Amino acid sequence: MNAGKQTIKIQRVYSKKRSRERLMSRLTPAKKRGELTCSKQRRQSCTMDDTVQYCSDSEDLFGDYDSILEDSSLLAKLDEAEQTERQRVVLPSAQTDAEDQTEFTVLHPQKDVVQRKPHQEVLSDSVLDRIRDEPFEDLPPSQLQFQDGVRGEAKRVRLQGGDKNSTPVRNAEDDTKKRRSVADQLKRTMACNAAAPSSVSRSVALKEAVVTEEISVAMQAMEAVSAETVDLGPFFGLPTKVKDLMGKLRGIKSLYDWQETCLNLECVRQRKNLIYSLPTSGGKTLVAEILILRELLCRKKDCLFILPYISLVQEKVRGLASFGLELDFMVEEYAGSKGKFPPVKRRNKASLYIATIEKAHSLVNSLIETGRIENLGLVVVDELHMLGDGSRGAVIEMTLAKVLYLSNNTQVVGMSATLGNIQDLQTFLKADNYSDNFRPVQLKEYVKLSDTIYEVDPKEEESFRFSRHLNFKYSSSMQKMDPDHIIALVTEVIPKHSCLVFCPTKKNCENVAGMICRYLKEEFLQNRREEKGVLLKELRDSGNGSMCPVLRRTVPYGLAYHHSGLTSEERKLVEEAYSNGVLCLLTCTSTLAAGINLPARRVILRSPYVAADFLRRSQYKQMVGRAGRAGIDTVGESILIVQDKDKNMVKSLVCAPMEICCSNLARDDGKGLLSLILSLVGLNIATTVDQVRGFLSGTLLYVQQKQLCVGTSLGDMVQQCVDSLILKRLVTVTPHSDGQTLQVTMLGRATYKGSVDLTYSNVLYSDLCKGLDGLLLNSCLHLAYLVTPYDMISQCNPDWMTYYRQFALLSAAEQKMSAAVGVPESFVARKAAGQTVKKSISMEVVRRMYLALVLYSLLKETNLWSVANRFQLSRGFVQTLLGSSSAFCSCVLHFTEELEEFWPFKALLTVLMRRLTYCVRVELVPLMEVAGVMESRAKQLYNAGYKTLTHLANADPAVLSRSVENLYKKQAGQIVAAAKMLVNEKAAALQEEVDELLTVPLDLPSPLKTRL
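Criteria and thresholds
- Residues numbered from 1 in each chain as written.
- Predicted model: local features only at pLDDT ≥ 70, side-chain atom pairs only at ≥ 80, totals over all residues.
- Heavy atoms only, no water.
- Helix = DSSP H or I, 4+ residues; strand = E, 2+ residues; numbered from the N terminus.
- Areas by Shrake-Rupley, 256 points an atom, 1.4 Å probe, with all protein chains shown as cover.
- Expected span 1.5 Å × (residues − 1).
- Contact = heavy atoms within 4.5 Å.
- Buried < 20%, exposed > 50% of the residue type's maximum accessible area, 1.4 Å probe, protein only.
- Pairing = 2+ DSSP bridges.
- Patch = residues over 30% accessible without salt bridge, like charges linked within 9 Å, V, L, I, M, F, W, Y side chains within 5 Å.
- Salt bridge = Lys/Arg side-chain N within 4 Å of Asp/Glu carboxyl O.
- Axes fitted to C-alpha atoms, helices over the stretch in contact; angles between N-to-C directions.
- Parallel < 35°, antiparallel > 145°, perpendicular 65-115°, else oblique.
- Nonpolar A, V, L, I, M, F, W, Y, C, P; charged D, E, K, R; others polar.
- pLDDT = per-residue confidence, 0-100.
- Left-handed = near helix turned anticlockwise from the far one by under 90°.
- 1 Å grid on protein atoms, 1.4 Å probe; cavity = no way out; pocket = protein on both sides within 12 Å on 5 of 7 lines; lining within 4 Å.
- Points joined across faces, edges and corners; volume = space filled by probe spheres on them.
- Core = buried A, V, L, I, M, F, W, Y, C linked by side-chain atoms within 4.5 Å.
- Phe/Tyr/Trp six-rings, centres within 6.5 Å; stacked < 30°, edge-to-face > 60°.

**Description of the overall build of the protein chain**
Here is step 1: Regarding its fold elements, the protein chain presents 47 helices and 19 strands.
Here is step 2: Put simply, the protein chain shows about 51600 Å² of open surface, and 51% of that area lies on carbon and sulfur atoms.

In structure tokens form, the structure reads like this:
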């Protein structure tokens, strides 16, 4: 703001206002008249001398609306009348008190109580009578209105009291009912002052209207700005405490230039929707977190942070829990089976919901259904380019479209790497765009052909420029083992620096890690030897004594592999060891590039393929973007190993523009569109086909309909989807005079509220109905079968001998249940013997029962390693099955809650979901609820005496790190903060429930209504 001196002049709008001097009457004291005159002269002299002119007391900005407080004649009348009345009341009142004292015992009041005289407690209505006949000359309409009110009040009092004096005799009852004073009458009349009509000319009225309108617009603008841009401090509108916490918890002392520029954008200040895109590792997440904190602290609104993977959600919950404790907001996890729908409604605290893509959609649906979507102030989407990623992209599009359609106050912010069609996304989100090519560390891209390194340079005719030859002597045996010279490339940087090697398959990851170790020197074994020994012990503990033979061989050299075949605990241990420098090289699949941030000095791409598919430009940029560690390296390098046959395709890959991001609502026969329309009808967002079409005009599919709706129109697609939903018995049509109304069926409501895939909704309903006919309650095998995910059946190829052995171990009741669902013992025995089976049996049911047996074994033993070995499955697959089953169990639970006939399942599935989520001994479950605490860590905490969530929440991080082996103080601090947040969340939920129970209902029937 301009702090310089301003000249302000205020002029009277209505120049014909009469002077107040002619209102001076005989009732105005001479002294008062003199004071007014002198005051006026002083004000005139001040107005002439001062540069800045203000409105004086004698001036009125509102034309002919005179202030009643300025009319000294009226005030004089009131003063004189009231004084006279009080003098008249003193004598009879005193006599009455004297008489009363003879009848009652005198009570001596305490010394600190101030006593009042009787005449000071009574304000007589007869004052109104004293002034009612006095003429008021030349008064404005508002004061005449007051005079009429005074006369009416006096008349009413006389009528009620008959011939009695309006001043009542003071008694005990009268002490509790004070009469209305003249001051109250004045206040009430002054409030209506401006509403009284005034006889002014049309031109004056027009001038006054214009000025009033301008003032109103200015005031609204000021109120809007102050409401939207609450400024709590110098750190981008946040208190200095936030900046201090950034330094303390994150080590961030200052922001990059692009971050400051982005946060100071006009669209950000005005809370407009925003898409910002930068290369990987550019610091995008920090900007999002500052925007979230600003929304939580300044506007006191809830926020939703959408992340693609469960591991990222848990990492972010751990990282932001400390901020929530210090700044007094809640951090809630919505991933897997965790999350409450609808979320707890908090009165005193804002909440930050950190959710996966699927959970975010369910959360938004629940907020819409309960009418709380306006409480959501900000939605942040990480990896916005995933809008083009199959069915998950369709879910993101549905979520954002609903928020944009229903809430005008919710800001949407998307962040992503560079996109090819950012304009389409801007149109969809009605957003501004900010892009920058900033990287904290310079990235140099290379390709390797034979034994020569070329630098990628799009300006060159061949796109490559010669850089150097490899200088590493290979023996003939090494050349056969390592024809791509991976050993030469990695030994140039390790162990001093870190390196990532991306491989096309999981098996190749393990093979490359083993091959590199075979040719490394012995000095690699001595580097951080003790810490690597600790890592090996932790890996062994995580497997309950079992350990991967590949990791046992590679970890001593500082190497490990990283892919979905590891358990979640193994992945976490490997990631932490790599981040701390204990491991210097990871061989990994492309999923690491999309997940947790693990940068490296050099990134090597073993092949331009992911499995059998050639790399996409976005995948390539995501992988090479991991090169360069901010604050450690001055440069990052990426090297793509290329065979001659792929040379031309690689040229296109490294120089091609980014792929465009397309809507996925219409893909897979309109599967996403079907799900969207069902939820729109169920949530009463749209009840006719035309309303559905109107909603779809705010989707990315509508923006891209020319490219995606080839051969048909979007309107026709909508009608086809509605017909399909009717055919599936999910929606019904009711004819009306104005057309047809769409209504969701009970099955349809259960389907969208349970987030059940429409492909499986009828199958699930049928399975649950069969389950009710003969539900096995003395074993959890039947329930395990019902919550085995349908989408994992295709990934299962049973080992028939293992199948038969496990089937033979079942009780008679369990075998009978298996036969009831369609898997008899005879069929399994024939398949194990290698015989053909003529009887028609659904192989999907057979595979699903095999997976159910895996879950059943896990629930009985809780040892993932032994179960994986017994069923000839990878431990990573078993871990994925367990996580998917717990999430699907949550979906089935919500599904059954909407259908009355399935009421017995509610209690059973609630317990089963908790067991599947943690799959550990019962005493460890409370500790496992803390984000990031795995089974082996929970055992350590339990053995150290931290047996409950309360123990953990009240622990001292320094003492905790000393009590638990191999627990760093920073990790201990995060665990304690996450535990405190969880305790606060549970306590707040209970307190909200208590407050709700104790709150008097607003619609409580009144006594009058009760009698009627």
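**With respect to helix α41 (residues 905–918)**
Given 3.6 residues to a turn, an α-helix orients residues that are three or four positions apart in the same direction.
Here is step 1: Given a rise of 1.5 Å per residue, 14 residues ought to cover 20 Å, and the 20 Å separating the end C-alpha atoms of α41 matches this to within 8%.
Here is step 2: For α41, the secondary structure elements touched by its buried residues are α33 (761–773), α34 (781–786), α38 (843–861), α40 (875–897) and α42 (925–928).
Here is step 3: Directly beyond the C-terminal end of α41, a positive phi value near 50 degrees is found at Cys919.

**Comments concerning the pairing of strand β17 (residues 635–642)**
Here is step 1: Of all eight residues making up β17, eight are buried, and the element is well covered by its neighbours.
Here is step 2: Residues Val635, Glu637, Ile639 and Ile641 of β17 are buried on one face, and the alternating residues Gly636, Ser638, Leu640 and Val642, pointing to the opposite face, are buried as well.
Here is step 3: Pairing geometry for strand β8 (residues 442–449) and β17, over eight bridges, is parallel. Residue pairing in the sheet places Lys444 in a bridge with Glu637 of β17.

**So, a nonpolar patch on the surface**
Here is step 1: A cluster of nonpolar side chains, namely Val994, Leu997 and Leu998, defines an oily patch on the protein surface of about 340 Å² accessible area.
Here is step 2: Under the relative-accessibility criterion, Leu998 is labelled exposed at 67%.

**Here we look at the packing of helix α27 (residues 667–682) against helix α31 (residues 714–727)**
Here is step 1: α31 packs onto α27 with a crossing angle of 70 degrees between their chain directions and a minimal axis gap of 10 Å. Viewed along their axes, α27 and α31 adopt a mutual orientation that is roughly perpendicular. Note on element contacts: α31 touches α27 through Met717, Val718, Cys721, Val722, Ser724 and Leu725, opposite Gly670, Leu673, Leu674, Ile677 and Leu678.
Here is step 2: For the contact of α27 with α31, a count of residues per class yields nine nonpolar, two polar and no charged.

**Side note on the sheet that holds strand β12 (residues 559–562)**
Here is step 1: What the eight strands build is an open sheet, ordered β10-β9-β8-β17-β14-β11-β13-β12; its pairing is mixed. Single-partner strands in this sheet number two, and they are β10 (464–469) and β12. In this sheet, adjacent strand axes meet at a mean angle of 25 degrees when their direction is disregarded.
Here is step 2: When β8 meets strand β9 (residues 452–456), the two strands line up antiparallel, connected through four bridges. In the strand pairing of β9, Val447 is matched with Tyr454.
Here is step 3: Docked against the sheet, helix α23 (residues 568–579) engages β11 (499–502), β12 and β13 (585–588), running at close to 135 degrees with respect to β12.

**Concerning the environment of Thr370**
Here is step 1: Among the secondary structure elements, Thr370 is positioned in the loop between α14 (357–369) and β5 (376–381).
Here is step 2: Overall, the relative accessible area of 38% leaves Thr370 in the partly exposed class.
Here is step 3: Each C-alpha atom, one on Thr370 and one on Leu683, is 9.8 Å from the other, the two residues being 313 residues apart in sequence.

**Some thoughts on the pattern of salt bridges**
Here is step 1: Counted under the stated rule, the structure contains 33 salt bridges.
Here is step 2: Between Glu492 and Arg468 there is a salt bridge, with the nearest N and O atoms lying 3.1 Å from each other. Here Glu492 is found in the loop between α18 (486–491) and β11, whereas its partner Arg468 is found in strand β10, with 24 residues between them in sequence.
Here is step 3: A residue is classified by how much of its surface remains accessible, and Glu492, at 38% relative accessible area, is partly exposed.

**Observations regarding unusual backbone geometry**
Excluding glycine, most residues fall at negative phi; most peptide bonds, likewise, are trans.
Here is step 1: In this model, Phe341 is joined to Pro342 through a cis peptide bond whose omega is -10 degrees.
Here is step 2: Position of Pro342 relative to the elements: it lies in the loop between β3 (330–334) and β4 (351–355).
Here is step 3: With an omega dihedral of 5 degrees, the bond running from Ile494 to Pro495 counts as a cis peptide bond.
Here is step 4: Within the fold, Pro495 resides in the loop between α18 and β11.
Here is step 5: Of note in this structure, Arg271 is not a glycine but carries a positive phi near 60 degrees.
Here is step 6: Within the secondary structure, Arg271 is located in the loop between α11 (266–269) and β1 (274–277).

**Describing the confidence of the model for the protein chain**
Here is step 1: Averaged over all residues, the pLDDT of the protein chain equals 81, while 77% of them reach at least 70.
Here is step 2: Of the regions scoring below 50 in pLDDT, residues 1–70 engages in 90 contacts with residues more than four places distant in sequence or in other chains.

**Here's the deal with the packing of helix α35 (residues 800–808) against α38**
Here is step 1: Close contact between α35 and α38 brings their axes to 11 Å; oriented N to C, the two are set at 60 degrees. Judged by the angle between their axes, α35 and α38 are oblique. Relative to α38, α35 is oriented so that their crossing is left-handed. Listed contacts from α38 to Trp800, Thr802, Tyr803 and Gln806 of α35 are Met843, Val846, Met849, Tyr850, Leu853 and Ser857.

**What to know about helix α25 (residues 617–624)**
Here is step 1: Along α25, six of the eight residues are buried, which leaves the element largely enclosed by surrounding structure.
Here is step 2: The set of residues buried in α25 consists of Arg617, Gln619, Tyr620, Gln622, Met623 and Val624.

**A look at the layout of surface pockets**
Here is step 1: Looking at the second largest pocket, its volume works out to about 1300 Å³.
Here is step 2: In terms of lining residues, the second largest pocket is bounded by 39 residues, among which Lys338, Gly339, Lys340, Val344 and Glu985 are the most central.
Here is step 3: Looking at the lining of the second largest pocket, the elements with two or more residues in it are α13 (310–327), β3, α40, α41 and α46 (969–998).
Here is step 4: It is α46 that contributes the most residues to the lining of the second largest pocket, nine residues altogether.
Here is step 5: A class-by-class count of the residues in the lining of the second largest pocket yields 17 nonpolar, six polar and 16 charged.

**Focus on the nonpolar core**
Soluble globular proteins tend to bury their nonpolar side chains together.
Here is step 1: Leu304, Leu400, Leu429, Ile677, Tyr803, Phe895 and Leu909 are the most contacted members of the largest nonpolar core, which totals 126 residues.
Here is step 2: A total of twelve residues in this core trace back to one element, the largest contributor, which is α38.
Here is step 3: Counting 123 residues, the second-largest nonpolar core is a separate cluster that includes Ala288, Leu470, Leu539 and Leu653.

**Observations concerning the sheet that holds β3**
Here is step 1: Spatial ordering of the open sheet is given by β3-β4-β2-β5-β6-β1-β7, a layout of seven strands whose pairing is parallel. Edge positions in the sheet fall to β3 and β7 (432–435), since each has one partner strand and no second. Taking each pair of neighbouring strands and ignoring which way they run, the sheet shows an average axis angle of 15 degrees.
Here is step 2: Relative to strand β6 (residues 411–416), β5 runs parallel, the two sharing four bridges. Pairing of Val380 across the sheet is with Val413, part of β6.
Here is step 3: Sitting on the sheet, α14 touches β2 (302–306), β3, β4 and β5, and the angle it makes with β2 is about 150 degrees.

**Observations concerning the packing of aromatic side chains**
Here is step 1: A full pass over the atoms with the stated rule returns 18 aromatic pairs.
Here is step 2: Taken together, a centroid distance of 5.3 Å and an interplanar angle of 90 degrees make the contact between Tyr609 and Phe614 edge-to-face.
Here is step 3: Taking 6.1 Å as the distance between ring centres and 85 degrees as the angle between the ring planes, the aromatic pair formed by Trp800 and Phe827 counts as edge-to-face. With Trp800 in helix α35 and Phe827 in helix α37 (residues 825–832), the pair connects residues that are 27 residues apart, well separated along the chain.
Here is step 4: Judged by relative accessible area, Phe827 falls into the buried class, the value being 5%.
Here is step 5: Three or more aromatic residues link up through ring pairs in this structure, and these residues are Trp800, Tyr803, Phe827, Tyr850 and Phe871.

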